[in-house]
Amino acid sequence: MDPKQTIYNILNRADGVISGEALSTELGVSRVAIWKHVQGLIKSGVPIYSSPKGYRMPPDPDSLVPWAFDKWRDRVHFFTETGSTMDEAMVMARKGCAEFTVVAAQRQCRGRGRMQRTWLSDDGGLYFTVVVRPDIPMLLAGLVNLAAAVDMAHLLRFQYRVDARLKWPNDILVEKRKICGLLSQMEAEGDQVAHMNIGIGLNVNNAPQTEVPIATSLKALLGRPVPRREILVAFLNLFEKRMAAFDPRVVVDEWKSNNVTLGRQVRVLTHKERVEGTAVDMDSRGGLILRLADGSNRTVVVGDCFIGGEDEPPTDPVVVGR
Ligand code: BTN
């Protein structure tokens, strides 16, 4: 076993200080080697306190360092600070990383959202990107993003008992407030998806400050902090199952049965235009079908959707927050 993992496990189980000597005996390496491993752990974000008596690591159920995970340990990469987990994941995906490689960050200084917006990523939120390699044509790629949103909403509803609903294309709202946003990047080989990187920003213990739509967090809803690791693990387990038996029809049906968009008067802003109408259905690829004022139907596949009367954007859509 990786010596850092062994040290982590020992300190994690211990109820107090463990001496350098005890660690050195347990691992069969010198105290200097122990000290070096401990420094490495600290640098990676593990809070270990040292004193003349030895080392102590306070329990931290919120920690996202790889050593704190069981099944997902080898696939989790954690940064205390990075530009964007999307960029880190892209580098790894291009190098051929394993499916379900996860890049998580404590903070992002260039976190981004859809439509070139900034995703403020302060301490306390859950920010991660997961790399998947679905064997599907590019045309169905949007459904993978929807599937991740469906799974995250399911988890929030059933594990945390909050009324999480899906808003097209990829927002999760609770009581009309945004709690989660998803962003994806894809690369293809011919017509097939080579990899998709699904980035998820979930307001957990952070205090999101946005105006349109108003944001909320799990902590605000539940009145207590929530450990981010249990959310990440539960999501990965759900999403892994989903991708192992990926069924586009099921994704669309599940999205439809838990959405707040269909039946509403909406305005969709794309990079080029603004389309207004009633959202009447989702097509088999995840596009939103609008009934326009002249009675014709129009399908939009990319864009930002604003539900009439609830989250109307200010005049300049670029300033719309998460
Ligand atoms: C949106 O609602 O506009 C999508 C927001 C996606 C934010 C996440 S946080 C983790 C990943 N890294 C990023 O830079 N963005 C995504």
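Fair warning: this is a prediction, and the values are worked out from it, not measured in the lab.

Participant: I'm lost on the confidence of the model for the chain in this one. Help?
Facilitator: When pLDDT is low, close inspection of the predicted coordinates is not appropriate. Taken as a whole, the chain shows an average pLDDT of 93; of its residues, 94% reach a score of 70 or greater. Between residues 314-322, whose pLDDT stays under 50, and residues either more than four places distant or in other chains, the model counts 25 contacts.

Participant: It is not clear to me how helix H4 (residues 85-94) should be interpreted in this structure. Could you clarify?
Facilitator: Every buried residue belonging to H4 is among Thr85, Met86, Ala89, Met90, Met92 and Ala93, and all of these are buried. Along the axis of H4, the buried residues cluster in a sector spanning 165 degrees; they form a single face. Those residues of H4 hidden inside the fold are in contact with strand S3 (76-82), strand S4 (101-108), strand S5 (126-132), strand S8 (177-189) and strand S9 (192-202). Residue serine 84 occupies the N-cap position of H4, its side-chain oxygen lying 3.0 Å from the main-chain nitrogen of methionine 86.

Participant: Honestly, the sheet that holds S9 in this entry has me stumped. Any pointers?
Facilitator: Within a sheet, neighbouring strands are paired by backbone hydrogen bonds and run either parallel or antiparallel to one another. Pairing is mixed in the open sheet, where seven strands are placed in the order S3-S4-S5-S9-S8-S7-S6. Both outer strands of the open sheet, S3 and strand S6 (164-167), are each paired with one neighbouring strand and no more. Going from strand to strand, the sheet's axes swing by 20 degrees on average, the running direction of each strand aside. Of the pairings in the sheet, the one linking strand S7 (residues 171-174) to S8 comprises four bridges and is antiparallel in character. By the bridge assignment, isoleucine 172 is partnered in S8 with cysteine 180. Along the sheet, helix H5 (residues 141-160) makes contact with S5, S6, S7, S8 and S9, crossing S9 at roughly 35 degrees.

Participant: What is the right way to read the nonpolar core from this model?
Facilitator: What tends to happen in soluble globular proteins is that the nonpolar side chains get buried as a cluster. Within the largest apolar cluster, 83 residues are counted, with the highest numbers of intra-cluster contacts made by Phe128, Met152, Leu156, Ile172, Ile198, Ile231 and Phe239. Counting residues per element, this core draws most heavily on H5, which supplies 13 residues. Beyond its immediate chain neighbours, meaning those up to four positions away, leucine 156 contacts Arg161, Val162, Ala164, Ile172, Ile179, Leu202 and Leu218. Formed by six residues, the second largest nonpolar core is a distinct cluster that contains Ala89, Ala93, Cys97 and Val131.

Participant: Would you mind going over the site of the ligand with me for this structure?
Facilitator: Surveying the vicinity of the ligand reveals 21 residues, the closest of which are Ser84, Gln108, Arg112, Arg114 and Lys178. Between the ligand and serine 84, the relevant distance is 2.7 Å, taken from an oxygen atom to a side-chain nitrogen or oxygen of the residue. Burial of the ligand by the protein amounts to 100% of the accessible area it has alone, namely 420 Å². Structurally, the ligand is housed in the largest cavity. Of all the elements in the fold, those that place two or more residues in the shell around the ligand are H4, S5, S8 and S9. The element that contributes the greatest number of residues to the shell around the ligand is S8, accounting for four residues. Taken together, the residues that form the shell around the ligand break down as seven nonpolar, nine polar and five charged.

Participant: When you look at empty space enclosed by the protein in this model, what are you seeing that I'm missing?
Facilitator: The gaps left among the atoms become clear once a water-sized probe is rolled over them. Summed over all chains, the structure comprises two cavities of 30 Å³ or more. Size it by volume and the largest cavity reaches roughly 200 Å³. Residue lining of the largest cavity: 23 residues in total, with Arg112, Gly113, Trp119, Gly181 and Leu183 positioned closest to the centre. Of all the secondary-structure elements, those providing two or more residues to the lining of the largest cavity are H4, S5, S8 and S9. In terms of residues, the lining of the largest cavity owes the most to one element, S8, which gives four residues. The residue makeup of the lining of the largest cavity, split by class, is seven nonpolar, eleven polar and five charged.

Participant: How should the packing of aromatic side chains be read in this particular structure?
Facilitator: To describe a pair of aromatic rings, you give the distance between the ring centres and the angle between the ring planes. One pass over the structure, following the stated rule, counts four aromatic pairs. Ring centres 5.8 Å apart and planes at 70 degrees place the aromatic pair phenylalanine 100 and phenylalanine 239 in the edge-to-face group. With phenylalanine 100 in the loop between H4 and S4 and phenylalanine 239 in helix H7 (residues 228-244), this pair connects stretches of sequence that are 139 residues apart. What makes phenylalanine 100 buried here is its relative accessible area of 5%. A residue is classified by how much of its surface remains accessible, and phenylalanine 239, at 0% relative accessible area, is buried.

Participant: Explain the layout of surface pockets here, please?
Facilitator: For the largest pocket, the calculated volume is near 670 Å³. Looking at the largest pocket, it is lined by 27 residues, and the ones nearest its centre are Gly142, Asn145, Ser184, Val301 and Val302. Residues belonging to the lining of the largest pocket are distributed by class as follows: twelve nonpolar, eleven polar and four charged. Per-domain counts for the lining of the largest pocket show at least three residues from each of domain 2 (66-256) and domain 3 (265-313).

Cut-off values and rules
Residues numbered from 1 in each chain as written. Predicted model: local features only at pLDDT ≥ 70, side-chain atom pairs only at ≥ 80, totals over all residues. Heavy atoms only, no water. pLDDT = per-residue confidence, 0-100. Contact = heavy atoms within 4.5 Å. Buried < 20%, exposed > 50% of the residue type's maximum accessible area, 1.4 Å probe, protein only. Helix = DSSP H or I, 4+ residues; strand = E, 2+ residues; numbered from the N terminus. Arc of directions from axis to C-beta. Polar contact = N/O pair within 3.5 Å; in protein donor to acceptor, adjacent residues only side chain to side chain. Pairing = 2+ DSSP bridges. Axes fitted to C-alpha atoms, helices over the stretch in contact; angles between N-to-C directions. Core = buried A, V, L, I, M, F, W, Y, C linked by side-chain atoms within 4.5 Å. Near = heavy atom within 4 Å. Areas by Shrake-Rupley, 256 points an atom, 1.4 Å probe, with all protein chains shown as cover. 1 Å grid on protein atoms, 1.4 Å probe; cavity = no way out; pocket = protein on both sides within 12 Å on 5 of 7 lines; lining within 4 Å. Sits in = over half its atoms within 2 Å of the grid points. Nonpolar A, V, L, I, M, F, W, Y, C, P; charged D, E, K, R; others polar. Points joined across faces, edges and corners; volume = space filled by probe spheres on them. Phe/Tyr/Trp six-rings, centres within 6.5 Å; stacked < 30°, edge-to-face > 60°. Domains from an automatic or database assignment.

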